[in-house]
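# Structural description and commentary
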Amino acid sequence: MESITLPSHAKINLGLKVGQLRPDGYHDIRSFFQEVNLVDTVRLERLDADVIEIVCESDDVPHDERNLAARAARLLKDEHDRSEGVRISIQKRIPVGAGMGGGSSNGATTLVGLNRLWNLHLSRAELHALSLKLGSDVPFFLAGGAAVVSGRGEHLYPVRGLAETRFVAVDPGFRVRTAWAFENLEIGLTATPPYISFLNSVMASGRVNLKRLFCSLENDFLPLVSAKNPVVHEVLDLLGRAGSQCSSLTGSGSVIFGCFANVEAVESAAELLQSSGYHFWICQPRTI
Ligand code: C5P
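This write-up is about the structure you can find in this document. (Residues numbered from 1 in each chain as written. Predicted model: local features only at pLDDT ≥ 70, side-chain atom pairs only at ≥ 80, totals over all residues. Heavy atoms only, no water.)

## A few points about the pattern of salt bridges
All told, the structure shown has 21 salt bridges when counted by the stated rule. Notably, a salt bridge pairs D78 with R74, separated by 3.5 Å at the nearest N-O pair. Here R74 and D78 lie together in helix α1 (residues 68-80), a separation of four residues that amounts to about one turn. Here R74 falls in the partly exposed class, since its relative accessible area comes to 28%. With a closest N to O distance of 3.0 Å, E84 and R82 form a salt bridge. Ionic contacts of the salt-bridge type, sharing partners, join the residues E2, R46, R82 and E84 into one network. (Salt bridge = Lys/Arg side-chain N within 4 Å of Asp/Glu carboxyl O. Helix = DSSP H or I, 4+ residues; strand = E, 2+ residues; numbered from the N terminus. Buried < 20%, exposed > 50% of the residue type's maximum accessible area, 1.4 Å probe, protein only.)

## Details of unusual backbone geometry
Omega for the peptide link from G253 to S254 comes to 15°, which places this bond in the cis form. Phi is positive for D81, which is not a glycine, with a value near 50°. Within the secondary structure, D81 is located in the loop between α1 and β4 (85-91). Residue class for D81 comes out exposed when judged on its relative accessible area of 72%. Of note in this structure, N119 is not a glycine but carries a positive phi near 50°. When you line up the elements, N119 lands in the loop between α2 (102-117) and α3 (124-134).

## What to know about the packing of aromatic side chains
Enumeration over the complete set of coordinates arrives at five aromatic pairs. Measuring from ring centre to ring centre gives 5.0 Å for F182 and F221, while their planes differ by 85°; the resulting arrangement is edge-to-face. Here F182, found in helix α5 (residues 178-184), pairs with F221, found in helix α8 (residues 221-228); they are 39 residues apart in sequence, far enough to count as distant. Classification of F182 as partly exposed rests on a relative accessible area of 21%. Taking the relative accessible area as the measure of exposure, F221 reaches 0% and is therefore buried. Three or more aromatic residues link up through ring pairs in this structure, and these residues are F33, F140 and F141. For R152, the ring lying beneath its charged end belongs to Y26, and the centroid distance is 3.8 Å. Here the guanidinium or amino end of K228 rests over the ring plane of W180, the centre of that ring lying 4.8 Å away. (Phe/Tyr/Trp six-rings, centres within 6.5 Å; stacked < 30°, edge-to-face > 60°. Lys NZ or Arg CZ within 6 Å of the ring centre and 35° of its normal.)

As structure tokens, then:
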């Protein structure tokens, strides 16, 4: 095999609670990750020369070894003594710095793709360990689908995801740096909030009670990000008027999503959103 082309999906965090800072410098989180059908395309081509090339038309992502896809290739080369190189061509559709996990997803896709292209025969457990070296959200994308996530992102409880629900992901026009968001968060979590009880029930049953999700959903980054960017309130309000059952930030933002009951509901919402002037994407959950 000389090349391989794979889709690299985005995610939406249906709620996100942040716990204490850990000795390793990361925070414990609890979240429900849902993969969606907004995709980048990652093409990996075997090169004889000992180089890692990134080809991408978007100027929003690094074109050097800071790119998570390039870091994934470097990690595999270093840890498995590979002398060959790879050209990684990324067609970007997932917004960057938006909380939809595009970079992490590209990193996971590159690990999985190079495992095949370079015949490394790495197990799921080995890929999981490598993925965590790239970033906290990368392990989720190895399997995708839907999962309750804890630790800094290393503990994954795969569950049956949402099916009929459709999402509208709105770009509010600014970007958030994840490290900034964690550094500036005031963590005052003591009692068990309804959202954590909801996640516990999902883990116990493997299923999502939508009504319970929508009435308990919380994202700890929302007060911080909206205080700095009041446009967040405008977008939440717009989504509410368009019929969203529940709206919030994904990850630390900046994208704000709304949940709609089904295809018909999202299509009628699209009209209002179109006239608002915001860029938005309609996405559906990816079930595996
Ligand atoms: O893991 P990732 O590289 O995506 O994280 C970027 C930064 O966000 C980390 O360096 C850390 O400062 C912060 N972070 C955190 N706790 C997490 C995830 C990220 O503090 N669970």
